[in-house]
Amino acid sequence: MKQITMTIRTLSPVVLSAMSNATVMTASHSYFSGPIVRGILASRYIQQRELGVHAEEDEAFLSLFFDKLRFVAAYPLAADGTRAFVLPFSMQKSKNGKELLDLMQQEGRPGFKSMKGFGVAHGAELASLDVRKTINLHMSRSDLKNHDGKERLAGRSMAGGIYNYEAIDAGQSFAGVIYGEADDLQKLRAGLGESEWSGYVGRSRFTQYGHCAMRLSDIEDIPQESFESTGNTVCLRLETPLIPEDNIADDAAAVLGTVAEILNERTEGGFSVELGSQKLVAKPEPVENFVGAWGMKRPRVQALAAGSVFCIKKDSSWTDADKAVLLELLYEGVGSRTEEGFGQLRIWSVVERRMAKDAATVPAAKQNGIHPTVCHHAEAIIRKHFIAQVQVWAVEDVQASKGYFPENSTHFFARLDALLGSSEKNAQSHLASAIGYELGNASTPFAKGLQKVAVRDRKLKWYLTEANLSDMPYNQRDWQSLAEELQLEKAMKVIWGQSKLGNIQSSEALFYAYWHAFFRYGRKAAAGAGKGADVE
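The structure presented is a predicted model; accordingly, all values stated were derived computationally and were not measured.

### Here we look at the side chain of Ser507
Here's step 1: The residue Ser507 is located in the loop between helix H14 (501–505) and helix H15 (508–529) in this model.
Here's step 2: The residues contacting Ser507, other than those within four sequence positions of it, are Arg383, Leu469 and Tyr474.

### What to know about the environment of Gly270
Here's step 1: Relative to the helices and strands, Gly270 resides in the loop between helix H5 (252–266) and strand S18 (271–273).
Here's step 2: The exposure class of Gly270 is partly exposed, given its relative accessible area of 26%.
Here's step 3: Spatially, the C-alpha atoms of Gly270 and Trp318 are 9.8 Å apart, while their sequence positions differ by 48 residues.
Here's step 4: For Gly270, the residues in contact, after removing those within four places along its chain, are Asn264, Lys313, Lys314 and Asp315.

### So, the pairing of strand S4 (residues 70–76)
Here's step 1: Taken across its seven residues, S4 has seven buried, putting it largely inside the fold.
Here's step 2: Bridge count for S4 against strand S13 (residues 173–180) is five bridges, and the pairing is antiparallel. Pairing of Val72 across the sheet is with Val177, part of S13.

### Quick word on H5
Here's step 1: The terminal C-alpha atoms of H5 lie 22 Å apart, and with 15 residues this matches the ideal 21 Å at 1.5 Å per residue to within 8%.
Here's step 2: In H5, a bend of some 25 degrees at Thr258 exceeds every other bend along the element.
Here's step 3: Along H5, the residues that are buried comprise Ala252, Val255, Leu256, Gly257, Val259, Ala260, Ile262 and Leu263.
Here's step 4: Taking the backbone nitrogen of Ala253 as reference, a side-chain oxygen 3.3 Å away marks Asp251 as the first, capping residue of H5.

### A few points about the sheet that holds strand S9 (residues 118–122)
Here's step 1: With respect to topology, four strands assemble into an open sheet ordered S5-S9-S10-S26, the strand pairing being mixed. Unpaired on one side and paired on the other, strand S5 (85–86) and strand S26 (354–355) mark the two borders of the sheet.
Here's step 2: Bridge analysis of strand S10 (residues 125–129) against S26 gives two bridges, and the strand direction is parallel. Across the sheet, the residue bridging to Leu126 is Met355, located in S26.

### Some thoughts on the pattern of salt bridges
Here's step 1: For the structure shown, the criterion picks out 18 salt bridges.
Here's step 2: A salt bridge links Glu239 to Arg237; the nearest nitrogen and oxygen atoms lie 2.6 Å apart. Grouping residues by exposure puts Glu239 and Arg237 together as buried.
Here's step 3: One salt-bridge network, held together by shared partners, links Glu396, Asp397, Arg456 and Arg477.

### Digging into helix H2 (residues 59–68)
Since there are 3.6 residues in each turn of an α-helix, residues three or four apart along the chain are aligned in direction.
Here's step 1: Restricting attention to buried positions, one finds in H2 the residues Phe61, Leu64 and Phe65. All buried residues of H2 project into a common sector of 80 degrees when viewed along the axis, lining one side.
Here's step 2: Here the buried face of H2 lies against helix H1 (34–49), S4 and helix H4 (182–192).
Here's step 3: With a side-chain oxygen lying 3.2 Å from the backbone nitrogen of Ala60, the N-terminal cap of H2 falls on Asp58.

### Quick word on the side chain of Thr240
Here's step 1: Structurally, the position occupied by Thr240 is in the loop between strand S17 (233–238) and H5.
Here's step 2: The exposure class of Thr240 is buried, given its relative accessible area of 2%.
Here's step 3: Within the structure, Thr240 has its side chain in polar contact with the backbone nitrogen of Gly343 (distance 3.3 Å).
Here's step 4: Ignoring sequence-local partners within four residues, the contact set of Thr240 consists of Val72, Ala73, Tyr75, Ala306, Gly341, Phe342, Gly343 and Gln344.

### So, the layout of surface pockets
Here's step 1: Within this model, the second largest pocket holds a volume of roughly 730 Å³.
Here's step 2: If you trace the second largest pocket, you find 28 residues lining it, with Phe85, Glu225, Arg237, Arg346 and Ile347 closest to the centre.
Here's step 3: Per-element tally for the lining of the second largest pocket: the top contributor is S9, with four residues.
Here's step 4: Of the residues contributing to the lining of the second largest pocket, the split by class is 12 nonpolar, nine polar and seven charged.

### Some words on the nonpolar core
Here's step 1: Within the largest apolar cluster, 43 residues are counted, with the highest numbers of intra-cluster contacts made by Leu416, Leu464, Tyr474 and Trp515.
Here's step 2: Secondary structure elements with two or more residues in this core: helix H7 (372–401), helix H8 (409–420), helix H9 (427–439), helix H10 (445–452), helix H11 (460–465), helix H12 (479–485) and H15.
Here's step 3: For this core, the element with the highest residue contribution is H15, accounting for 11 residues.
Here's step 4: In terms of nonpolar packing, the next biggest core, distinct from the first, is built from 41 residues, Ile8, Leu69, Ile168 and Leu185 among them.

### With respect to the sheet that holds strand S7 (residues 100–102)
Here's step 1: The three strands lie next to each other as S7-S6-S8, forming an open sheet whose pairing is antiparallel. Looking along the sheet, the strands with just one partner apiece sit at the ends: S7 and strand S8 (112–114). Each strand axis lies, on average, 30 degrees off the axis of its neighbour in the sheet, ignoring direction.
Here's step 2: In the sheet, strand S6 (residues 91–94) pairs with S8 via three bridges, with the strands oriented antiparallel. Bridge pairing in S8 links Ser94 to Phe112.

Cut-offs and rules
- Every chain's residues receive numbers from 1 upward, in the order its sequence appears when written.
- Per-residue local features are limited, in this predicted model, to residues with pLDDT of at least 70; the limit for side-chain atom pairs, both in listing and counting, is 80 or more; totals at the level of whole chains, interfaces and linings are taken over all residues.
- In computing side-chain values, all of the structure's heavy atoms are included and hydrogens and water are not.
- Helix and strand labels come from DSSP, where a helix needs a run of H or I of at least four residues and a strand needs a run of E of at least two; each type is numbered from the N terminus.
- Every residue pair with non-hydrogen atoms within 4.5 Å of one another is taken to be in contact.
- Classification of residues uses two cut-offs on accessible area relative to the type maximum, computed with a 1.4 Å probe and protein chains only: under 20% is buried, over 50% is exposed, and between them is partly exposed.
- At least two DSSP bridges between two strands are required for those strands to pair.
- Multiplying one less than the number of residues by 1.5 Å gives the expected span of a helix.
- A residue's bend is the angle separating two fitted axes: one through the seven residues that end there, the other through the seven that start there.
- Polar contact criterion, stated in full: a pair of N or O atoms within 3.5 Å, where within protein one must be able to donate a hydrogen and the other to accept it, and residues adjacent in sequence count only if both atoms are side-chain atoms.
- Within this document, salt bridges are pairs made up of a side-chain nitrogen of Lys or Arg and a carboxyl oxygen of Asp or Glu, the two lying within 4 Å of each other.
- Picture the helix axis, draw a direction to every C-beta atom, and the arc is the one those directions span.
- Here a cavity is any set of points on a 1 Å grid over the protein atoms alone where a 1.4 Å probe fits but cannot get out, and a pocket is any open set with protein on both sides within 12 Å along at least 5 of 7 lines; a residue lines the site when it has an atom within 4 Å of a point.
- Grid points are joined across faces, edges and corners, and a volume is the space filled by probe spheres set on the points.
- Residue polarity is assigned by list, with Asp, Glu, Lys and Arg as charged and Ala, Val, Leu, Ile, Met, Phe, Trp, Tyr, Cys and Pro as nonpolar; anything else, Gly included, falls into the polar class.
- In this text, buried Ala, Val, Leu, Ile, Met, Phe, Trp, Tyr and Cys residues form a nonpolar core when linked through side-chain atoms within 4.5 Å.
- The angle between two axes is taken between their N-to-C directions and runs from 0 to 180 degrees, where each axis is a line fitted to C-alpha atoms and a helix contributes only its stretch in contact.

In short, geometric facts, not functional conclusions.
As structure tokens, then:
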């Protein structure tokens, strides 16, 4: 078998609904379960292959997602990139957090308590890892059930209008794994298209929750699982919950006995589950999930929880063939719904462990520079500063050019402003074309006005019909000093790593802002000047 690693990075808070006794609280899991991982990839596959609402009629889809492949839960990634695992229920730590003991190896002692959640192991060192979460209060804008506003006035929930969501914080990474034969994994990759995309997961997606970025690795070899035994006994842990075929998880020994049964069927036999203290520590766990395609929840089933640990014993020494069968079974899965990642097993090394010196941490999502949305808004703000400045320069240029205004300049500038239009898109070419069509006869007052008015020693006609954007009057000013004075030059370098001053100077937005202001204030100045201006 081979594998593909799927990394999920939370771009916004994510609510992965978990069962809770609270009536006004939606709790969230701390990981992306196998069904969710499969659902994300199935949705992507259906979209890329354009299967629509009849995906179940596609044989390749059914083969990959309901038979050949195993979609295993996405657990948090530590800062060093290590994928965490559910801590075995046999692990305990002292109240001061300095000592560890494993009930599979040692008797329990006073002053120790069970470890919960996720952990990362490096050799004999073990560090617990927590997923960052927050609880957000929500209040409906109107009492949809009562229509009387009583909940908002009382500040407490009476009909579900006030509620809380627990959510995984943004900026955390998780890794799931897809196991299967190389040919099947290759078909999956081909059907998914690009190896990176974004989408929405969980509850209240498309609002403020659930935005995630997904990335697939290349097809890789499965990391070699270290086969360790104590005598003829091998300790195993449940990587994911195990759903028994008969849906009865009360008898953990009987459920885990199916592992021994499979080994006996595929080998020469002699395998059994060891019972008694220090041999089996397991807990039941209900499993349910919402199926988007159905619009409803699947029936709740009982499973043995991830983190359960047990021992498999052989009457004689393990052969290489026995080991090969076990290692294959680890990733194939045991029990029901194995294609959804349930029933995954891993070897658990029963060694004397110690707490890691540095606690494991979940890293914040790495950004390549500043987020594109931030850059977009920042550029809009900087442009507004420059637009306001060119409007000021337009007024100054009008004052300096009043002596060149032709007779009846109010009509002249009003006409130019009308030709400029109301859109900055392609403003320069649009105005040049409109003026060319308007000129016709070069002896008209309009044509003479274009030749008469001068701005910073150049004729208006040249600016509006021949010049480049870089030649505009506002680009003859000291932009660099202005940008430095307003600290915009520094802001641009922080955001983009370079100055984009040249790009902004040559934008149609500045062209439109300057000439719209020039024509508008030119008309006002001409009206105030009366007939005293030189028209010859």
